[in-house]
Amino acid sequence: MSRVFRLAAMLLGIAPMAMAGNEARPAANDWATAVVRIEFSRTLYDLYQPWARRTGRTLKTGLVVAERQVLTTAQDVSDHTLVRLQKGGRGEWTLGKLLWVDYRVNLALVTTAEESFWRGLRPAVWLDGAPPGEAALQIVRWREGKLESRRAEFTQFTVHPSQTSGLNHAQLEVDSEIQGAGSGEPVVVGSRVVGLVSFQGGRGCRVIPASFIRQMLTAHGADNSRSPGYFHFYWAPAENVASLAQLGLPGSPRGVLVTKVPARLDGQPNVLRRRDVLLQVDGFAVDIQGDYRDPDFGPLMLEHLAVRGKWAGDEVRLRIWREGREQTVSYRLPRYDFAHDLVPWGPYDQPPQYLIMGGLVFQPLTRAYLQQWGAEWEQRAPFRLRYFVGEEATPEQPAVVVMSQVLPDPYNIGYQDLRYLVLREANGRPVHTLGQLQEALRQPQGGFHVLEFLANDSFRRIVLAAAGADQQATARVLERYGIPQEAVLTGGAAAQ
Amino acid sequence: MPAGPLVTLPWPETKGFAGQLQTARRMHWYGSVLDGYSARSSFGEMHRCSNVCLWAYARRLVGFCKTLVTVGLVGWAVTSAGAAQPERSVVQIVVFRQEPDWTLPWRFDAVRPANGSGFVIKGRRLMTNAHVVSWARQILVRRFQDPRPYLARVEFAGHDCDLAVLTVEEERFFDGLEPLEFGELPQVRSTVVTYGYPAGGEEISYTRGVVSRIELSAYTHPGNRQALSVQTDAAINPGNSGGPVIQDDRVVGVAFQGIPGLENTGFFIPCPVIQHFLRDIADGRYDGTPQMGIQLAPLQNPAYRARLRLPDNDLGVRVDYIRPHSPATNLLQREDVILQIGDYPVGSDNKILFAGNRVSGKLAIQLVQCGEPVSLRVWRDGRELSVAVPVRWFDEDRAGGNQYDVRPRYYVFGGLVFTPLSRDYLRSAFQGAARGESRDGDAELTYELFFRPQEDPGSVRKEPIVLSNVLADSVNANWSLRSRALVDRVNGMRIECLEDVIRAFETNTNAFDLVEFGRSQMFECLDHAAAVQAQARILKNYNIPRDRQL
């Protein structure tokens with residue numbers, strides 16, 4: 001009997017410990033078993049000389065989220081050449097690899113085949129719902145070999161675009177004394193993870209919340225066919241009661257005004273119209289500032305309803321006021337696609353596209369191109385180029401090609417000062433992509449290339465010789481300027 | 001005789017001679033006198049003379065020196081008298097100016113004093129810069145060393161060329177004042193003297209420099225114009241503006257601007273521009289500096305020249321663009337090559353040779369008066385032809401440049417302030433914008449004013465209108481848009497000008513006014529009856545004298 005009692009006592013003693021292993025961590029320094037460092041070696045590009053490359057290295061924080069899976073943010077992951085992981089904040093680095101990266105939602109998952117790396121590491125546990133109001137948040141990371149934990153105070157929930165795309169979703173804002181965060185550091189409360197820090201400006205940090213992350217992890221863990229959707233229409237707050245009255249909406253002011261409904265590129269019909277009043281989204285009432293009451297996050301901008309448990313192609317019921325009566329329309333969420341923007345984000349994980357003809361350098365207009373003007377590119381980049389940002393791509397104009405510079409050669413004499421001109425036509429054919437330009441250059445007009453640009457103060461049209469002179473000049477330019485290829489087109493394929 | 005600085009003439013010392021001539025005015029003819037006497041060789045000869053000849057030579061020497069001194073004194077007197085003349089005809093101008101607030105366009109900023117210079121010209125008038133007297137509420141002029149201020153007024157102002165002509169109400173102002181004569185375009189490397197009343201003192205000031213460069217450059221005052229200007233290293237400082245630049249006793253220019261941060265760099269408006277202005281106002285009206293309405297592009301690429309079948313002679317520029325409704329519309333074609341404008345062959349770099357200087361071909365057009373034709377030698381389809389194109393002032397460019405001496409147009413209804421989009425408005429609005437404020441609306445306004453006319457002239461509104469401000473009142477308290485928004489439609493009417501806005505509101509019979517805005521396609525509404533009722537209250541509360549200025 002005494003032996004039984006001793007065994008029972010042992011079991012009773014072990015069981016709580018076993019159960020504790022399934023519970024969250026009691027102490028902050030236990031985050032050492034879930035937080036790791038990730039190093040991405042990357043190829044970096046000079047968008048002003050898109051053929052030039054250099055190397056760079058980024059250190060990020062990773063969070064063990066499942067067996068053999070470490071999660072981080074997708075910023076500074078693109079064009080990586082090497083991934084290494086380190087646990088414990090010091091010591092040996094282990095080679096890893098990227099499992100997937102999703103720039104639309106700013107998340108990336110890495111792993112390593114090295115068994116020894118996973119020993120002693122345990123997945124973190126996500127917080128369900130929003131952190132309690134007075135909860136003491138901490139931002140955790142490895143720094144100089146020690147696990148740093150900095151206090152953070154919850155500020156608010158907001159809806160913001162992702163740092164790597166224009167996809168809007170709910171985010172937390174916290175205030176912290178931590179410096180240099182924004183590389184995927186986990187924000188924790190007690191033993192749970194609230195989210196990952198994606199951005200820091202001053203003391204303010206923006207955090208991708210756990211619920212959103214879990215939803216995205218689920219999508220990537222499944223058949224990976226699900227993509228985030230978004231609301232493609234524009235709306236304005238309906239704070240002006242006169243506007244609602246003018247539309248005949250009775251009762252207390254509510255809803256938002258639909259102001260602009262671009263054509264859909266996915267072939268779906270537009271079910272909304274300008275001057276509709278959007279009253280509800282999937283049963284959530286929308287107030288005049290465009291907020292709905294989220295069960296987890298409280299008042300939140302309606303954009304989040306496009307991703308809250310939803311995917312591209314899913315149906316969203318919109319309750320609207322139109323032509324004097326309430327009605328419900330079924331809105332099918334379009335898939336968030338970088339190509340829907342006239343000036344797309346990125347591009348990611350591909351070398352910059354360009355095409356050189358006779359010293360004239362053509363590049364697609366992208367955010368990465370504009371960002372070569374630095375953090376303040378929205379003020380410093382050429383006005384006409386940045387004015388394209390925010391416009392939707394259309395079938396008539398799916399993209400923009402810029403003649404960014406002219407590498408001087410006798411072939412292009414007279415044009416060497418031209419730069420940042422928007423190309424409209426080449427040899428009588430409209431040009432919106434480098435592929436179209438390449439095709440057009442194969443068909444010169446009477447032995448000449450005729451290029452037309454968007455109106456500007458210098459040249460709207462230039463003419464250059466064809467009939468072999470262009471190819472000779474191109475070869476000469478490549479040689480003189482040390483350029484390996486005359487063109488890099490979509491997907492990184494070299495010119496044929 | 002030209003005035004000049006004091007110089008020390010080197011003179012070889014000789015045994016028994018008094019010594020060097022310490023000071024003398026350097027005069028052009030003084031050197032020739034010296035050369036004629038061959039002073040050095042004379043003294044050399046003196047050294048070798050015997051004592052018997054010494055007295056004879058000494059007498060000759062004394063006679064020579066007397067002549068020299070006499071000539072020098074006479075020259076001094078003459079140049080002293082000549083140096084005083086330009087000064088006496090240079091005036092100090094004191095202006096009290098008041099500029100409008102373009103975002104609240106019934107208001108004016110505080111009155112501010114400013115100083116400039118001017119000079120007397122024929123016809124008992126004064127010439128100065130337009131920017132000296134723009135927005136003037138009062139103009140006072142002071143004569144050289146005369147304490148009395150005289151009231152003046154602007155007779156003509158050419159804001160596009162930054163010149164103005166003033167009259168003085170008191171006739172006796174001009175008593176004893178000689179008008180300064182105009183000269184020609186000075187040569188580079190030649191010397192000029194500026195006269196004026198710049199900052200740093202109260203009396204007249206002179207600075208001397210050389211002509212460094214002559215070309216077309218941007219005139220700051222209009223903001224969107226280039227014209228002929230002369231760069232000099234003579235100091236031109238605030239207060240010099242409007243003062244004469246003199247060479248050989250003639251006015252060769254009017255000092256007008258500098259470049260902050262650049263040393264020894266001042267600019268003056270040369271006589272070709274001045275003469276154009278004076279000829280223009282001779283009929284009692286200033287028409288302005290004309291344009292042809294075409295954009296020319298250099299034609300230096302061999303392939304392009306070959307395609308146009310042009311000879312390889314570095315002549316000709318290509319018509320790259322013809323503005324709609326310009327005088328050239330039915331006379332020139334895109335791809336025409338302009339070989340000569342008036343008397344001036346045009347180089348492939350779009351420059352002409354003007355008085356020995358290579359300057360932009362635009363000058364050849366600017367020298368013509370509005371309405372007059374400019375003869376062009378044109379290359380088209382492989383052959384030459386002559387075309388005469390009349391030139392005119394382009395009022396369409398007015399809003400894109402700085403405007404002066406016209407009250408901003410506006411209309412206020414329901415607390416909504418509407419005003420035409422202009423460069424002046426953008427400048428005022430951007431200066432007043434809070435840091436971090438959204439600039440999307442600003443970008444749209446910038447595009448509308450400066451880019452749409454070039455890119456899509458068919459869609460340009462005659463006078464784009466901006467919602468400049470929303471003066472808070474209960475009738476508009478809930479408006480989200482508060483300022484810097486381009487108006488697209490009011491009550492369904494597309495807005496082409498301010499009068500459209502007025503008409504749209506005044507003819508509305510619906511319960512609400514609907515205002516729709518540009519790129520964002522946002523819209524806002526007003527309770528029409530409430531807005532009408534609030535009108536008097538708003539005008540009173542905000543001290544607006546009237547609801548419109550047209």
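Per chain, residue numbering runs from 1 following the sequence as it is written. Think of it this way: whatever chain is written first is A, whatever ligand is written first is 1, and the rest follow in order. Totals for whole chains, interfaces and linings use all residues, but because this is a predicted model, local features are given only for residues with pLDDT of at least 70 and pairs of side-chain atoms are given and counted only at 80 or more. Water and hydrogen atoms play no part in the side-chain values, which are based on all heavy atoms of the structure.

**Description of the pairing of strand β15 (residues 294–297) of chain B**
Residues and elements named next belong to chain B.
Here is step 1 of the chain: Burial classes: relative accessible area under 20% of the type maximum marks a residue as buried, over 50% as exposed, and values in between as partly exposed (1.4 Å probe, protein chains only). Starting at the N terminus, helices and strands are each numbered in turn, a helix being any DSSP run of H or I of at least four residues and a strand any DSSP run of E of at least two. Here β15 shows a buried face lined by Ile-294 and Leu-296 and a second buried face lined by Gln-295 and Ala-297.
Here is step 2 of the chain: Summarising the sheet, β15 and strand β16 (residues 317–322) pair through four bridges and their orientation is antiparallel. What sits directly across from Ala-297, in β16, is Arg-318. One bridge is not enough; two strands pair if DSSP finds at least two bridges between them.

**Some points on the packing of aromatic side chains**
We describe a pair of aromatic rings using the distance from one ring centre to the other and the angle between the two ring planes.
Here is step 1 of the chain: In this analysis, rings of Phe, Tyr and Trp, with Trp reduced to its six-membered ring, are considered paired at centre separations within 6.5 Å, and the interplanar angle assigns stacked below 30 degrees, edge-to-face beyond 60, and tilted for intermediate values. Tallying each qualifying case throughout the model produces 34 aromatic pairs over all chains.
Here is step 2 of the chain: On the basis of an interplanar angle of 50 degrees and a centroid distance of 4.6 Å, the ring pair of B:Tyr219 and B:Phe256 is categorised as tilted. Highlighted residues: B:Tyr219 in strand β10 (residues 205–219) and B:Phe256 in strand β13 (residues 250–258), separated in sequence by 37 residues. As far as the burial class goes, B:Tyr219 and B:Phe256 line up, both buried.
Here is step 3 of the chain: Taken together through their ring pairs, the aromatic side chains of A:Tyr103, A:Tyr230, A:Tyr336, A:Phe338 and A:Tyr348 make up a single cluster.
Here is step 4 of the chain: Here, over-ring charges are defined by two tests on the NZ atom of lysine or the CZ atom of arginine: distance to the ring centre within 6 Å, and angle to the ring normal within 35 degrees. In this structure, A:Lys260 packs its charged tip against the face of A:Tyr234, placed 5.1 Å from the ring centre.

**Quick look at the domain arrangement of chain A**
All names here are of chain A.
Here is step 1 of the chain: According to the domain assignment, chain A contains domain 1 (1–226), domain 2 (234–332) and domain 3 (340–488).
Here is step 2 of the chain: Where each domain begins and ends follows an automated or database-derived domain assignment. Spacing between the C-alpha centres of domain 1 and domain 3 amounts to 41 Å.
Here is step 3 of the chain: Facing the 17 residues of domain 1 at the interface are 20 residues of domain 3.
Here is step 4 of the chain: A 1.4 Å probe defines the accessible area here, and the buried area is the portion of it lost by two parts on being joined, summed over both. Carbon and sulfur atoms supply 60% of the area that domain 1 and domain 3 bury against each other, a total of about 1,600 Å² over both sides.
Here is step 5 of the chain: Looking only at domain 1, the three residues that lose the most surface to domain 3 are Leu-47, Tyr-48 and Trp-51, adding up to 51% of its buried area. Any two residues whose heavy atoms approach within 4.5 Å at even a single point are treated as in contact.

**Focus: the sheet that holds strand β7 (residues 149–158) of chain B**
Residue and element names in this part refer to chain B.
Here is step 1 of the chain: Pairing within the closed barrel is antiparallel, and its six strands lie in the order β3-β4-β5-β8-β7-β6. Mean inter-strand twist for the sheet, computed between neighbouring axes without regard to direction, equals 40 degrees.
Here is step 2 of the chain: Both strand β6 (residues 136–142) and β7 contribute to a ladder of four bridges, which runs antiparallel. The partner of Leu-140 across the bridge, within β7, is Leu-151.
Here is step 3 of the chain: Sheet strands in contact with helix α5 (residues 271–281) are β4 (112–121), β5 (125–128), β7 and β8 (163–168), and its direction is about 55 degrees off that of β8. Here an axis means a line fitted to C-alpha atoms, over the contact stretch when the element is a helix, while the angle between two N-to-C directions is reported on a 0 to 180 degree scale.

**As for the pairing of strand β24 (residues 416–420) of chain B**
Residue and element names in this part refer to chain B.
Here is step 1 of the chain: For β24, the tally of buried residues reaches five of five residues, placing the bulk of the element in the interior.
Here is step 2 of the chain: Of the two faces of β24, the one holding Leu-416, Phe-418 and Pro-420 and the one holding Val-417 and Thr-419 are both buried throughout.
Here is step 3 of the chain: Where strand β23 (residues 410–413) lies against β24, three bridges are found, and the strand directions are antiparallel. Each residue of the ladder has a partner; that of Val-412, found in β24, is Val-417.
Here is step 4 of the chain: The antiparallel pairing of β23 with β24 creates a hairpin that spans two residues between the two strands, and Gly-414 there sits at a positive phi of about 60 degrees.
Here is step 5 of the chain: Of the pairings in the sheet, the one linking β24 to strand β25 (residues 465–470) comprises five bridges and is antiparallel in character. Counted as the bridge partner of Leu-416 is Val-470 from β25.

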